[in-house]
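Below are the chains, spelled out letter by letter.
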Amino acid sequence: VRVDVDRDADGSIDWSGSGFFISETGLLVTNHHVIAGAPATGAVEVVFDGGATRLPATILGRSSCSDLALLQVEGGTFSFLAWSPDPPRLDEEVRSVGYPDGTDQLTIKRGIVSKEIGTEIYYTPTIPTFEHSAEIIPGSSGGPVVNQIGEVIGIVFAIRTASVITEELAISGPAARAVVEQLQLGDFEHLGLFARRGSTGVFV
């Protein structure tokens, strides 16, 4: 689905991202940075069916350090995606799925897992990530990366560009699933300080 955020509740969309249902009862996963700054109710809508369906969403739990959020959507029985029980494997065929640039049309890109451990960037989640070659377009954040049978093996979170090289990065599905299960109980709290490999300091 597309995730629209009207942070100020003034009727205009401030930004949008992507997400996906994980249960028929309307539990939905997206990135924390997609809904960051939004109140728990009244600011987020999900859009699907080519723009024909718009439903309000409540933010159940957030994890900024894992860059994950769990939302609840009411209003029906929803088709949902299952988690893959396996971690991403090198050269595995994948597809990234999302609604880039606020479009009403679903976008799917093909690729492979190109690195089992993703390159760290300053806002890399504190849980495992991987790199893939399924093109990511801004607005796809929070959308699923699925394997050949449609199971979620990852969640889109960033694009890293260095010189002429572009890296598409995703949060590992098994790690994300563990955090999402905790988010059903509310926000996932962190100490707020964490280090990076090769870093000379800490991030707050």
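As the structure is a computational prediction, the values presented were derived from the model and not from experiment. (Residues numbered from 1 in each chain as written. Predicted model: local features only at pLDDT ≥ 70, side-chain atom pairs only at ≥ 80, totals over all residues. Heavy atoms only, no water.)

**Student:** Which residues make up the side chain of Asn-147, and what values go with them?
**Tutor:** Positionally, Asn-147 belongs in the loop between β11 (144-146) and β12 (152-162). On the basis of relative accessibility, which here comes to 7%, the residue Asn-147 falls in the buried class. A distance of 3.1 Å separates a polar side-chain atom of Asn-147 from the backbone nitrogen of Ile-149. If we skip the residues at most four places from it in the chain, Asn-147 touches Ser-84, Glu-92, Glu-93, Arg-95 and Ile-153. (Helix = DSSP H or I, 4+ residues; strand = E, 2+ residues; numbered from the N terminus. Buried < 20%, exposed > 50% of the residue type's maximum accessible area, 1.4 Å probe, protein only. Polar contact = N/O pair within 3.5 Å; in protein donor to acceptor, adjacent residues only side chain to side chain. Contact = heavy atoms within 4.5 Å.)

**Student:** How would you summarise the nonpolar core if you had to cite specific residues and measurements?
**Tutor:** The biggest cluster of nonpolar side chains holds 21 residues, and the ones touching the most others in it are Ile-22, Val-29, Leu-68, Trp-83 and Ile-155. Listing elements by their share of this core, those giving two or more residues are β4 (27-30), β7 (68-73), β12, β13 (165-172) and α2 (173-183). The element contributing the most residues to this core is α2, with five residues. Not counting the four nearest positions on each side in its chain, Ile-155 is found in contact with Phe-20, Val-29, Asn-31, Leu-68, Trp-83, Gly-142, Gly-143, Val-145, Leu-169, Ala-170, Ile-171 and Ala-176. Residues Leu-28, Val-34, Val-44 and Leu-71 belong to the second largest nonpolar core, which totals 20 residues. (Core = buried A, V, L, I, M, F, W, Y, C linked by side-chain atoms within 4.5 Å.)

**Student:** Outline the sheet that holds strand β3 (residues 20-21), supporting the account with residue identities and numerical values.
**Tutor:** Across the sheet, which stays open at both edges, the seven strands sit in the order β2-β1-β5-β6-β7-β4-β3 with antiparallel pairing between neighbours. Two strands close off the open sheet at either side, each with one partner strand: β2 (15-18) and β3. Relative to β7, strand β6 (residues 53-63) is paired through six bridges, and the arrangement is antiparallel. Paired with Ala-57 across the two strands is Val-73, which belongs to β7. Packing of α2 onto the sheet brings it into contact with β4, β6 and β7, and relative to β7 it is tilted by some 50 degrees. (Pairing = 2+ DSSP bridges. Axes fitted to C-alpha atoms, helices over the stretch in contact; angles between N-to-C directions.)

**Student:** How would you explain the pattern of salt bridges if you had to name every residue and give the values?
**Tutor:** Evaluated as defined, the whole model comprises ten salt bridges. The salt bridge involving Lys-115 is made with Glu-167; its shortest N-O contact spans 3.7 Å. Taken together, the residues Lys-115 in strand β9 (residues 107-115) and Glu-167 in strand β13 connect sequence positions 52 residues apart. The exposure class assigned to Lys-115 is partly exposed, which follows from its relative accessible area of 35%. Take Glu-167: its relative accessible area is 7%, and that puts it in the buried class. Connected via shared salt-bridge partners are Arg-2, Asp-4, Glu-45, Arg-54 and Asp-104. (Salt bridge = Lys/Arg side-chain N within 4 Å of Asp/Glu carboxyl O.)

Keep in mind that these numbers describe shape and distance, not what the molecule does.
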